[in-house]
Amino acid sequence: MSYGLNDFITGMPKAELHVHIEGCVEPLMLLRLAERNGVDIPYRDEDEVWAAQDYGEPALDNFLKYHENCLRVLQTGQDFYELAYAFFKRSAEENIVYLEIMFETQAHISRGLVFSECFDGLNQARRDGRRDFGIESNWIMSFQRDHSAESSMEILDMAKPFKDEIIGVGLDNYEVNNFALKFVEVFRRAREEGYRLTSHCDCNQQNSIEHIRQCLELLQVERIDHGLHVIDSPELTAMVRESQIPLTMCPTWRPSDPAPRRLESIREMLELGLLVSINTDDPAEFASRYLNNIFIEMHKHGSYTKDEIVRLTRNAFTSAWISEDAKAHYLEKLEKYVAGK
Ligand code: ADE
Ligand code: ZN
């Protein structure tokens with residue numbers, strides 16, 4: 001029975017909307033790029049890298065400290081190309097047909113890298129990924145919310161020549177207090193320039209409900225990355241349900257977690273009628289790994305049914321920043337798959 005469902009999950013056409021390309025640096029690639037680029041990292045072999053992924057609390061901060069190593073080894077356009085191409089290839093193996101992928105900005109520019117070189121590498125991989133694996137995708141440019149609004153404005157300038165290749169902007173990294181307040185002008189400009197808008201509101205952060213409210217009201221985001229704590233406020237729950245603001249949840253886990261985290265809350269979100277989807281966040285940096293594995297473990301540990309898994313997948317296509325025609329096309333593909341099983 002469960003073997004049958006695993007096959008069903010694996011073959012199902014899927015979308016992923018919340019994944020950071022820098023979170024796709026696999027341990028072996030980390031070691032290889034560190035050596036190639038002469039970057040010192042605190043791990044000698046793959047075992048040590050895997051061991052470093054058992055982030056203690058506070059989980060976001062400790063994860064981001066590890067993540068810093070994955071950023072530092074990325075030095076050239078070729079590195080970005082190889083990273084993204086490998087991710088497209090892996091995503092095709094997962095039967096993912098549509099991706100929205102975040103890339104970080106200040107994290108690279110502040111190390112002296114050149115925006116156009118990094119982005120050219122990523123975007124060449126996107127073209128090659130489409131040609132070689134038939135995967136459609138869009139880029140989301142993430143500003144690091146612990147950096148300044150001025151640097152985000154400069155990055156909007158740098159991104160101008162590539163505007164047509166970038167669907168939206170987002171905010172990630174450390175969740176500093178009331179971060180939305182400083183990005184009001186940046187997001188107003190991004191909206192005027194035609195970018196779609198999202199922001200992380202991570203799990204278990206201080207002031208989370210207020211952060212979500214500020215992102216919705218002040219930044220006018222159209223989507224929230226994570227957004228788990230919406231359900232802690234009946235008022236926010238009603239607002240997010242009525243406007244069908246998508247919430248891109250990532251039930252990631254660490255090697256020593258006994259089971260996937262947040263499975264009960266995700267079910268509650270579904271039952272409340274919220275437009276919640278399942279995503280990997282940083283698949284090379286968590287024990288949860290890639291999308292099929294997450295769904296399989298959600299079934300195993302949270303008794304998620306086939307119907308619930310299909311609903312979550314439908315939600316992902318519905319939440320995507322694509323035309324209504326493209327949405328209808330993917331949803332039809334999904335329904336045909338479900339009907340044929
Ligand atoms: N960078 C990569 N993943 C992130 C997350 N989940 N939250 C904030 N910043 C991140
Ligand atoms: Zn994220």
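This text goes with the structure placed above it.
Residues numbered from 1 in each chain as written. Chains lettered and ligands numbered in written order. Predicted model: local features only at pLDDT ≥ 70, side-chain atom pairs only at ≥ 80, totals over all residues. Heavy atoms only, no water.

**Examining the coordination of the zinc ion (ligand 2)**
Here comes step 1: Looking at the metal site, the zinc ion (ligand 2) is ligated by His18 (NE2), His20 (NE2), His200 (NE2) and Asp281 (OD), spaced 2.1 to 2.2 Å from it.
Here comes step 2: Around the zinc ion (ligand 2), the four donor atoms are arranged such that angles at the metal cover 82 to 173°; this shape is classified as irregular.
Here comes step 3: Summarised as a motif, the one-chain spacing of the donors to the zinc ion (ligand 2) is H-x1-H-x179-H-x80-D. Taken together, the residues His18 in strand β1 (residues 14-20) and Asp281 in the loop between β8 (276-278) and α14 (291-302) connect sequence positions 263 residues apart.
Here comes step 4: Exposure remark for Asp281: the relative accessible area of 8% places this residue in the buried category. (Donors = N, O, S within 2.8 Å, 3.2 Å for Na, K, Ca; no water. Tetrahedral: all angles 85-135°; square planar, octahedral: opposite > 155°, others 65-115°. Helix = DSSP H or I, 4+ residues; strand = E, 2+ residues; numbered from the N terminus. Buried < 20%, exposed > 50% of the residue type's maximum accessible area, 1.4 Å probe, protein only.)

**Side note on the pattern of salt bridges**
Here comes step 1: For the structure shown, the criterion picks out 30 salt bridges.
Here comes step 2: Across the pair Glu165 and Arg126 runs a salt bridge whose closest N-O atoms are separated by 3.0 Å. Residue Glu165 is found in the loop between α8 (149-159) and β4 (166-172), and its partner Arg126 is found in helix α7 (residues 115-133); the two are separated by 39 residues along the sequence.
Here comes step 3: One network of salt bridges, with partners in common, ties together Arg32, Arg36, Asp79 and Glu82. (Salt bridge = Lys/Arg side-chain N within 4 Å of Asp/Glu carboxyl O.)

**So, the packing of aromatic side chains**
Here comes step 1: Under the defined criterion, the tally for this structure stands at 18 aromatic pairs.
Here comes step 2: A ring pair is formed by Tyr98 and Tyr330, whose centres lie 5.9 Å apart and whose planes are at 40°; its orientation type is tilted. Pair noted here: Tyr98 is in strand β2 (residues 96-104) and Tyr330 is in helix α16 (residues 324-339), with a separation of 232 residues, a long-range link.
Here comes step 3: The class for Tyr98 is buried, based on a relative accessible area of 2%.
Here comes step 4: Note on Phe103 and Trp139: the rings are 6.1 Å apart at their centroids and 85° apart in plane angle, and the pair reads as edge-to-face. In this pair, Phe103 is assigned in strand β2 and Trp139 in strand β3 (residues 136-144), connecting sequence segments 36 residues apart.
Here comes step 5: For the cation-ring pair, Arg145 lies above Phe179, with the distance from its terminal atom to the ring centre recorded as 4.8 Å. (Phe/Tyr/Trp six-rings, centres within 6.5 Å; stacked < 30°, edge-to-face > 60°. Lys NZ or Arg CZ within 6 Å of the ring centre and 35° of its normal.)

**Focus: the environment of Asn95**
Here comes step 1: Within the secondary structure, Asn95 sits in the loop between α5 (77-93) and β2.
Here comes step 2: Taking the relative accessible area as the measure of exposure, Asn95 reaches 31% and is therefore partly exposed.
Here comes step 3: For the pair Asn95 and Cys250, spaced 155 residues apart in sequence, the C-alpha separation works out to 18 Å.

**Quick look at the nonpolar core**
Here comes step 1: The biggest cluster of nonpolar side chains holds 108 residues, and the ones touching the most others in it are Met141 and Phe187.
Here comes step 2: Ignoring sequence-local partners within four residues, the contact set of Phe187 consists of Phe143, Val169, Gly170, Leu171, Leu197, Thr198, Leu219 and Val221. (Core = buried A, V, L, I, M, F, W, Y, C linked by side-chain atoms within 4.5 Å. Contact = heavy atoms within 4.5 Å.)

**With respect to the side chain of Asp281**
Here comes step 1: Buried charge without a salt bridge: Asp281, with Arg262 as the nearest opposite-charge side chain at an N-O distance of 6.5 Å.
Here comes step 2: At 2.8 Å, the side chain of Asp281 and the side chain of His18 are in polar contact.
Here comes step 3: Separated by 3.3 Å, the side chains of Asp281 and His226 make a polar contact.
Here comes step 4: Apart from the residues lying within four places of it in its own chain, the contact partners of Asp281 are Glu16, His18, Val19, His20, His200, His226, Cys250 and Thr252. (Lys, Arg positive; Asp, Glu negative; His and termini not counted. Polar contact = N/O pair within 3.5 Å; in protein donor to acceptor, adjacent residues only side chain to side chain.)

**Description of the site of ligand 1**
Here comes step 1: Inspection of the region around ligand 1 gives His20, Leu60, Phe63, Leu64, Arg145, Asp172, Asn173, His200, Asp202, His226, Asp281 and Asp282 as its neighbouring residues.
Here comes step 2: Here a nitrogen atom of ligand 1 and a side-chain polar atom of His20 are 3.1 Å apart.
Here comes step 3: Burial of ligand 1 by the surrounding chains reaches 98%, relative to a free accessible area of 260 Å².
Here comes step 4: A majority-of-atoms criterion places ligand 1 in the largest pocket.
Here comes step 5: No other element matches the three residues that helix α4 (residues 59-72) contributes to the shell around ligand 1.
Here comes step 6: Here the shell around ligand 1 is built from residues that sort into three nonpolar, four polar and five charged. (Near = heavy atom within 4 Å. Areas by Shrake-Rupley, 256 points an atom, 1.4 Å probe, with all protein chains shown as cover. 1 Å grid on protein atoms, 1.4 Å probe; cavity = no way out; pocket = protein on both sides within 12 Å on 5 of 7 lines; lining within 4 Å. Sits in = over half its atoms within 2 Å of the grid points. Nonpolar A, V, L, I, M, F, W, Y, C, P; charged D, E, K, R; others polar.)

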